[in-house]
Amino acid sequence: MYFTELPKEVQARFHYDAAKGAAYSAQQAATQAAFQKQQEELRRKLAEEAQKNEQNGLRAAAAFVPQRGQPIEVISHGAQVDITRHLALGNVTIVDFYADWCGPCRMVSPTLEQMAQTDPEIALRKIDIVNWNTAVVRQYSIHSIPQVNVYNRGGQLVGTVVGADAEGVKRYVAQAKAGR
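Conventions used here
- Counting from 1, residues in each chain are numbered in the order their sequence is written.
- The model is predicted, so local features are restricted to residues of pLDDT at least 70 and side-chain atom pairs to those at 80 or more, both for listing and for counting; the totals for chains, interfaces and linings are taken over all residues.
- Remark: hydrogens and water are excluded; side-chain values derive from all non-hydrogen atoms of the structure.
- Only DSSP runs of H or I with at least four residues qualify as helices, and only runs of E with at least two residues qualify as strands; both kinds are numbered from the N terminus onward.
- Partly exposed residues are those whose accessible area sits between 20% and 50% of the maximum for their type, while under 20% is buried and over 50% is exposed, using a 1.4 Å probe and protein chains only.
- Every residue pair with non-hydrogen atoms within 4.5 Å of one another is taken to be in contact.
- Note on areas: Shrake-Rupley, 1.4 Å probe, and residue coverage restricted to the protein chains presented here.
- Two distance rules govern patches: like charges are joined within 9 Å, and nonpolar side chains (Val, Leu, Ile, Met, Phe, Trp, Tyr) within 5 Å, applied only to residues with over 30% relative accessible area and no salt bridge.
- Each salt bridge in this description consists of a side-chain nitrogen of Lys or Arg and a carboxyl oxygen of Asp or Glu lying within 4 Å of one another.
- Two strands make a pair as long as DSSP finds a minimum of two bridges between them.
- The axes used here are C-alpha line fits, helices contributing only the stretch in contact, and every angle between their N-to-C directions lies in the interval 0 to 180 degrees.

Trainee: An account of the overall build of the chain is needed here, citing residue identities and associated values.
Mentor: The number of helices and strands found in the chain is six helices and five strands. Secondary structure of the chain in N-to-C order comes out as α-α-α-β-β-α-β-α-β-β-α. Each of the 180 residues in the chain was classed as buried or not, and the buried ones make up 38%. Within the chain, contacts between residues at least 6 apart in sequence are counted, and of these 67% link residues at least 24 apart. Entry remark: accessible area of the chain is about 10,500 Å², with carbon and sulfur atoms responsible for 53%.

Trainee: Tell me about a nonpolar patch on the surface, and please be specific about residues and values.
Mentor: On the surface, F3, F14 and Y16 cluster together into a nonpolar patch covering about 290 Å² of accessible area. On the secondary structure map, Y16 appears in the loop between α1 (8-13) and α2 (18-55). On the basis of relative accessible area, Y16 is assigned to the partly exposed category, the value being 30%.

Trainee: Give me the sheet that holds strand β2 (residues 92-98): which residues, what numbers.
Mentor: Through backbone hydrogen bonds, the strands of a sheet pair up, either in parallel or in antiparallel fashion. Reading across from one edge, β1-β3-β2-β4-β5 is the order of the five strands in this open sheet, with mixed pairing throughout. Each of the sheet's edge strands pairs with one partner strand only, and the pair in question is β1 (73-77) and β5 (157-162). Looking at each pair of strands side by side, their axes are set apart by 20 degrees on average, direction ignored. Relative to strand β4 (residues 147-151), β2 runs antiparallel, the two sharing five bridges. Looking at β4, one finds that D96 is bridged to V148. Sitting on the sheet, helix α4 (residues 103-118) touches β2, β3 (122-128) and β4, and the angle it makes with β3 is about 150 degrees. Of the strands in this sheet, β2, β3, β4 and β5 are in contact with helix α6 (residues 166-178), which crosses β5 at around 175 degrees.

Okay, here's the thing in structure tokens:
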């Protein structure tokens with residue numbers, strides 16, 4: 001039985017508001033649709049770049065190499081962000097969703113920063129979610145932090161690690177470098 005099928009007095013006892021529930025569902029659907037649109041736009045841009053590089057006789061990976069050695073960058077403090085604009089194409093990009101108040105985030109952050117500083121093929125982007133009510137949390141449906149997304153050289157998501165699992169991040173980075 002669905003909650004909405006319960007008697008009105010039961011719904012009232014649990015402070016259920018059908019309008020708020022419908023608005024929340026609509027917001028979640030819109031967020032998911034926006035994220036999918038963003039991913040499709042990234043795929044389209046990458047396909048265009050690959051085609052352009054192929055026409056110029058260049059390998060796609062080699063065409064982006066000049067972006068190596070980029071500094072660690074905090075790209076958002078709770079605001080929505082288009083991650084596709086911050087990917088270091090040609091390199092493996094690690095996107096760390098974190099918060100200053102998060103203990104596990106502070107545990108995994110030094111490892112991620114060391115990886116980025118010692119390996120010229122890794123770019124680290126950090127997104128400070130600030131708190132659970134920010135736009136970026138809704139945009140990427142963040143439910144637990146730290147959340148680390150690893151993107152390959154072509155900008156495709158290889159994997160996501162939730163929690164302070166540096167070894168999991170290293171495995172995804174190795175996969176991204178290998179092109180898997």
